[in-house]
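For reference, the chains in residue letters:
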Amino acid sequence: QVQLVESGGGLVQAGGSLRLSCVASGRTFNWYAMGWFRQAPGKEREFVAAISWSGGSTEYAVSVKGRFTISRDNAKNTVYLQMNSLKPEDTAVYYCARSRAAWALTCNINEAGYWGQGTQVTVSS
């Protein structure tokens, strides 16, 4: 069973930065694409960013492109989300997810097979 544990959330002022981390269990982390998603109160969970199994391909939601950066360290079984120029509308619970299929180039909400428990990000104005 794959376990994903997010950390790094918190309270930050608008314009500030946070870096989220997600550590995965298991020996095959580098086989799978990883993604970050978020869910604000009263809203559906939405895609934020994804990275391919190799790290060579990334994808971003329009709302975060240019402000957020997804990366991975396969030696540490960890995927990161660097969030800069944060806005109040970025406030949400952020989840990481692993793709269902090995060797995937992306991890959108339909392709996510395992989820972490989430970490709260609150951006004050």
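Parameters and conventions
Residues numbered from 1 in each chain as written. Predicted model: local features only at pLDDT ≥ 70, side-chain atom pairs only at ≥ 80, totals over all residues. Heavy atoms only, no water. Pairing = 2+ DSSP bridges. Helix = DSSP H or I, 4+ residues; strand = E, 2+ residues; numbered from the N terminus. Salt bridge = Lys/Arg side-chain N within 4 Å of Asp/Glu carboxyl O. Buried < 20%, exposed > 50% of the residue type's maximum accessible area, 1.4 Å probe, protein only. Lys, Arg positive; Asp, Glu negative; His and termini not counted. Polar contact = N/O pair within 3.5 Å; in protein donor to acceptor, adjacent residues only side chain to side chain. Contact = heavy atoms within 4.5 Å. Disulfide = S-S within 2.5 Å.

Caption draft 1: Representation of the pairing of strand β5 (residues 46–51). Summarising the sheet, strand β4 (residues 32–39) and β5 pair through five bridges and their orientation is antiparallel. Looking at the pairing, Phe37 lines up with Phe47 of β5. Linking two consecutive strands that pair antiparallel, namely β4 and β5, is a turn of six residues; a positive phi of about 80° is found at Gly42 within it. When β5 meets strand β6 (residues 58–60), the two strands line up antiparallel, connected through three bridges. Bridge assignment links Ile51 to a residue of β6, and that residue is Thr58. In textbook terms, the turn of a hairpin is the stretch between consecutive antiparallel strands, and for β5 and β6 this stretch comprises six residues, one of which, Gly55, has a positive phi near 85°.

Caption draft 2: Seen up close, the pattern of salt bridges. Enumeration according to the criterion identifies three salt bridges in this entry. Residue Arg38 pairs with Asp90 through a salt bridge whose shortest N-O separation is 2.9 Å. Taken as a pair, Arg38 in strand β4 and Asp90 in the loop between β8 (78–83) and β9 (92–102) lie far apart in primary sequence, 52 residues in all. As far as burial versus exposure is concerned, Arg38 and Asp90 are alike and both buried.

Caption draft 3: Layout of the side chain of Arg72. Mapping Arg72 onto the fold places it in strand β7 (residues 68–73). Buried charge without a salt bridge: Arg72, with Asp73 as the nearest opposite-charge side chain at an N-O distance of 8.3 Å. Within the local environment of Arg72, its side chain forms a polar contact with the backbone oxygen of Phe29, the two atoms lying 2.9 Å apart. Setting aside its immediate chain neighbours within four residues, Arg72 contacts Phe29, Asn30, Tyr32, Ala33, Met34, Ile51, Ser52, Trp53, Gly55, Thr78 and Val79.

Caption draft 4: Here's a closer look at the state of the cysteines. By the definition in use, this model includes one disulfide. In this model Cys22 forms its disulfide with Cys96; the gap between the sulfur atoms is 1.9 Å. One disulfide, between Cys22 and Cys96, carries an S-S torsion of 40° and so falls in the right-handed class. Linking Cys22 in strand β3 (residues 18–24) with Cys96 in strand β9, this pair joins segments that are 74 residues apart in sequence. Grouping residues by exposure puts Cys22 and Cys96 together as buried. This cysteine, Cys107, is not joined by any disulfide, and Cys96 carries the nearest cysteine sulfur, 9.2 Å off.

Function cannot be read off these values alone, since they describe shape.
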